There are 2 protein chains.
Amino acid sequence: MANKAAPDAPPGSAGGTPTRRYSERSRQAIFEAALALVGEVGYEKLTIEGIAARAGVGKQTIYRWWPSKAAVLLDAFGSAADAYEHEGLPDTGDLAADLKAVLRATVDEFNDAAWQAPYRALVAAGTNDEELSRSFVGRLMEPGIRLYVERLRAAREAGELDPDVDLRIGAEMLLSPFSQRWLMRTGELTHAFVDTLVDQVLRGLRRRD
Amino acid sequence: MANKAAPDAPPGSAGGTPTRRYSERSRQAIFEAALALVGEVGYEKLTIEGIAARAGVGKQTIYRWWPSKAAVLLDAFGSAADAYEHEGLPDTGDLAADLKAVLRATVDEFNDAAWQAPYRALVAAGTNDEELSRSFVGRLMEPGIRLYVERLRAAREAGELDPDVDLRIGAEMLLSPFSQRWLMRTGELTHAFVDTLVDQVLRGLRRRD
DNA sequence: TCTCAACGAGACGGGTCGTCTCGATCGAGC
DNA sequence: GCTCGATCGAGACGACCCGTCTCGTTGAGA
């Protein structure tokens, strides 16, 4: 079954299909309009008509390629995220320091207002739409989680972590309290918080001497 | 500033204001209609008009008391949740067993379809609406988190946990991976998962011998 | 140069929004 | 019991957005 949230990119990605017609200009205009508008009016008041008008595009052009405003945002966000490809977490040999550095940077990123509106909008939409959330998780979240799992695996193989540790759950112990605080505003997102979190999580994962 | 998501309950709670007029029948009918409808058509297609029609109530009666459909759901959910007051987590002296028992029960509860729609809807709405999310967290989530913090505190005072442990973050290490999996569907919610999670979290919190 | 799908633009019926206006209903105070 | 006034159920109203459907127009592929 085709992933309705990620339609074929018209001219890009040399697929098997002959090729769609021109549209790249409209595509970019739609992404920019969607991201700008969701920041201005919020997700609830974001409309397809509004995006089309702002992008200088016909409504049909949007309806032709995306099934919902959430799908437009997902593509817009994914297109922006693809820009900086993941190159893995740093590995200086000091696991705690590496994790703290990355998570501190992520704190700053998540406290940036420009980021918040579209990202929150996507999570919210995915909460109520299972298919969308699967696309969202698979495209934007899962790769990030795997980076942490891999960094933990390297530490385990270096003898730093207990061999019996469940790496996936270990990564979730690091990331979920973080994203939960941000998403549901159950607590502040500070450098001190991630430092304590990293220390307390690693205490449980480390090999006993 | 008044909490717009939780208007004065008309006849209940003897406040300073003289008293609102009768409405309890309508109030209950609105809650029942809202919860039933959100389960049938989902949050996106839930409308104020629909709730009013189903409850046999004028639209104005809803608009008079609540600012949005999310606020109606929050009150409906809170009113249902107030029914079974929290009486604290079990304390048999075996922390791991107690936590596993409670979290396993919570797994079953969260896998219940009837629960999911309104709860997801509220989280989603709160994601995009800061004030709503603060009401939601304060009224429905924070009390639950505190139960875990208190159970951990009892264990720490019994000498089971390290005295330096941050209880709040400890509780989040237990609960956030859980709710994250449920909310964003990043993984399955099973008894085996919570068992491993509890073991792995407690490994880090326990006092070293 | 010709062809034809995608394009911008916008008309269309249907539905919901939030506000407003009706009598009717009921609690509070006399 | 009677008056008073706020809330009640009901629904009309204009505005907006939905998703579909035409229009000519544009531009890439043959």
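Residues numbered from 1 in each chain as written. Chains lettered and ligands numbered in written order. Predicted model: local features only at pLDDT ≥ 70, side-chain atom pairs only at ≥ 80, totals over all residues. Heavy atoms only, no water.

Here we come to the relation of the copies chain A and chain B. In the superposition of chain A on chain B (RMSD 0.2 Å, axial shift 0.0 Å), the rotation amounts to 179 degrees. Here the copies are linked by what is in effect a two-fold axis. For chain A, the minimum C-alpha distance to the rotation axis belongs to G204 of chain A and amounts to 1.6 Å. (Least-squares fit on C-alpha atoms with pLDDT ≥ 70 in both.)

Listed per partner, the contact involves 43 residues of chain A and 44 residues of chain B. Looking only at chain A, the three residues that lose the most surface to chain B are R185, Q200 and R203 of chain A, adding up to 19% of its buried area. Of the charged contacts, one joins R185 of chain B and E130 of chain A as a salt bridge, the two residues approaching to 3.9 Å between their closest N and O atoms. The interface formed by chain A and chain B includes 24 residue pairs in polar contact (both at pLDDT 80 or more). Within the residue set of the side of chain A that touches chain B, elements represented by two or more residues are helix 6 (113–128), helix 7 (130–157), helix 8 (167–184) and helix 9 (191–205) of chain A. By residue number, the principal contributor to the side of chain A that touches chain B is helix 8 of chain A, which donates twelve residues. For the side of chain A that touches chain B, the per-class residue count stands at 17 nonpolar, twelve polar and 14 charged. (Contact = heavy atoms within 4.5 Å. Buried area = accessible area lost by both parts, 1.4 Å probe. Salt bridge = Lys/Arg side-chain N within 4 Å of Asp/Glu carboxyl O. Polar contact = N/O pair within 3.5 Å; in protein donor to acceptor, adjacent residues only side chain to side chain. Helix = DSSP H or I, 4+ residues; strand = E, 2+ residues; numbered from the N terminus. Nonpolar A, V, L, I, M, F, W, Y, C, P; charged D, E, K, R; others polar.)

Moving on, we come to the UniProt feature "DNA-binding region" (unreviewed entry) in chain A. Listed under "DNA-binding region" (unreviewed entry) in the UniProt record, and renumbered for this structure, are residues 47–66 of chain A. Across residues 47–66 of chain A, the secondary structure splits into 75% helix and 0% strand, with the terminal C-alpha atoms separated by 13 Å. (UniProt positions renumbered as here; feature names shortened; annotations may be inferred.)

Peptide bonds are trans in most cases, and residues, glycine excluded, mostly fall at negative phi. Even without glycine at this site, R185 of chain A takes up a positive phi of about 55 degrees. Here R185 of chain A is to be found in the loop between helix 8 and helix 9.

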